[in-house]
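Tertiary structure, described
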Amino acid sequence: MSEETIRSLSVGGLPYSYRLLRQPDRITEPVMVLGGALQGMFGWPQMEDHVGPVADVVTADLPGMGSADPLPPGPSIDVMCAAIGGIIEDLGVPRINVFGFSYGAGLAYGYAQRHPRHVARLALGGVPAHISAAQLDHWRRAAGHLASGDIETFATLVAEGLMCLDEARHVTRRKLAFRYVRRAMLHAARHSPHAVDALGRALSDRPDFSGGLSGVPTLVFSGEHDTVTSPARQRDFAATIEGSRFLTIPDADHWVVLERPQEVADLAARFFTDGPLSSAPCLTPIRPERWPRPARPTHDQAQLSV
């Protein structure tokens, strides 16, 4: 049975907090989960269920995220990395595992670049390594609707911009995931005091995925139909990390953590305990039997690449 603790910290005068689920029988370093710009510390039950039996699980409302205060103007990566470092210091451990998804992948990667000795293993999913001008325009329109109070249109545009809506490409739980993302955006718009600031910052203060990384075992994964940044571009990003492994997860898009949540959490637990990845359930397509199953190139679907 894990024990829950919520701790309050501050960095540069900015208050923030983190949640620790302590596992007495842990077999690896604590796992910190970093998610999207509007996600908070209570949004990762699947990680708690699958990673919790083997490690302490840490989730956080970093500055500008969840219930924490907004960030000051200007670049934020140094503040965010200092906040992550504050959590590690408060935990009293030399190293942690880090799971970063989407916006959180940029934070996790930035921290690992600056403080590699404090990161035991790094898992990055749905990495927004490349955003096109058309995508930025879409997000600016969504931000405009949010700023004007039209949260219904805002939530719809965000959900559409984060998901593959092409019915010719099979995405499991597509409709359910769309409803969930849209509802989550509505909730954030109604209840987060700085949703407008958080979205604006996500557009203007983009993570830097250049510069490479060495000395940290890293896994990069992508849904095969990710339309935020294509799997090919995410593979190219993974190639800049020394010794990294890359895989695509079938029948999923950018929101692979919603469409195949248990499988992704199982993958993370395997990686953070140095378990076998090639037999991970997430690599098995779950297309309904009545659908044709075309041959899948091994380099595009279920093969790990180093």
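A brief report on the enclosed structure follows. (Residues numbered from 1 in each chain as written. Predicted model: local features only at pLDDT ≥ 70, side-chain atom pairs only at ≥ 80, totals over all residues. Heavy atoms only, no water.)

This part is about the pairing of strand 8 (residues 245-249). Of all the five residues making up strand 8, four are buried; the element is thus mostly covered by neighbouring parts of the structure. Here strand 7 (residues 218-223) runs beside strand 8; their pairing, made up of five bridges, is parallel. Of the residues in strand 8, the one forming a bridge with Phe221 is Leu247. Taking the sense of rotation as the criterion, the β-α-β connection linking strand 7, helix 8 (residues 231-238) and strand 8 turns out right-handed. (Buried < 20%, exposed > 50% of the residue type's maximum accessible area, 1.4 Å probe, protein only. Helix = DSSP H or I, 4+ residues; strand = E, 2+ residues; numbered from the N terminus. Pairing = 2+ DSSP bridges. Right-handed = clockwise from strand over helix to strand, strands pointing away.)

What follows concerns the environment of Gly211. Mapped onto the fold, Gly211 is located in the loop between helix 7 (195-204) and strand 7. Once the C-alpha coordinates of Gly211 and Thr240 are considered, the two residues, 29 residues apart in sequence, prove to be 7.7 Å apart. In contact with Gly211, not counting residues within four places along its chain, are Tyr109 and Gln113. (Contact = heavy atoms within 4.5 Å.)

With that settled, consider the environment of Ala184. By secondary structure assignment, the location of Ala184 is in helix 6 (residues 174-191). When its relative accessible area of 30% is taken as the criterion, Ala184 is described as partly exposed. Sequence separation of Ala184 and Gln39 is 145 residues, and the distance between their C-alpha atoms is 8.6 Å.

Moving on, we come to the packing of aromatic side chains. As enumerated under the stated definition, the model contains eight aromatic pairs in all. When the ring of Trp44 is compared with that of Phe101, the centres are 6.4 Å apart and the planes differ by 75 degrees; the resulting orientation is edge-to-face. In this pair, Trp44 sits in the loop between strand 3 (31-34) and helix 1 (45-51) while Phe101 sits in strand 5 (residues 96-101), placing the two residues 57 residues apart along the sequence. Per residue, the accessibility class of Trp44 equals that of Phe101, and both read buried. Ring geometry for Phe209 and Phe237: centres 5.4 Å apart, planes at 80 degrees, overall edge-to-face. In this pair, Phe209 sits in the loop between helix 7 and strand 7 while Phe237 sits in helix 8, placing the two residues 28 residues apart along the sequence. In terms of burial, Phe209 and Phe237 fall into one category: buried. In textbook terms, an aromatic cluster arises when at least three aromatic residues are bridged by ring pairs, as seen for Trp44, Phe99, Phe101, Phe221 and Trp255. (Phe/Tyr/Trp six-rings, centres within 6.5 Å; stacked < 30°, edge-to-face > 60°.)

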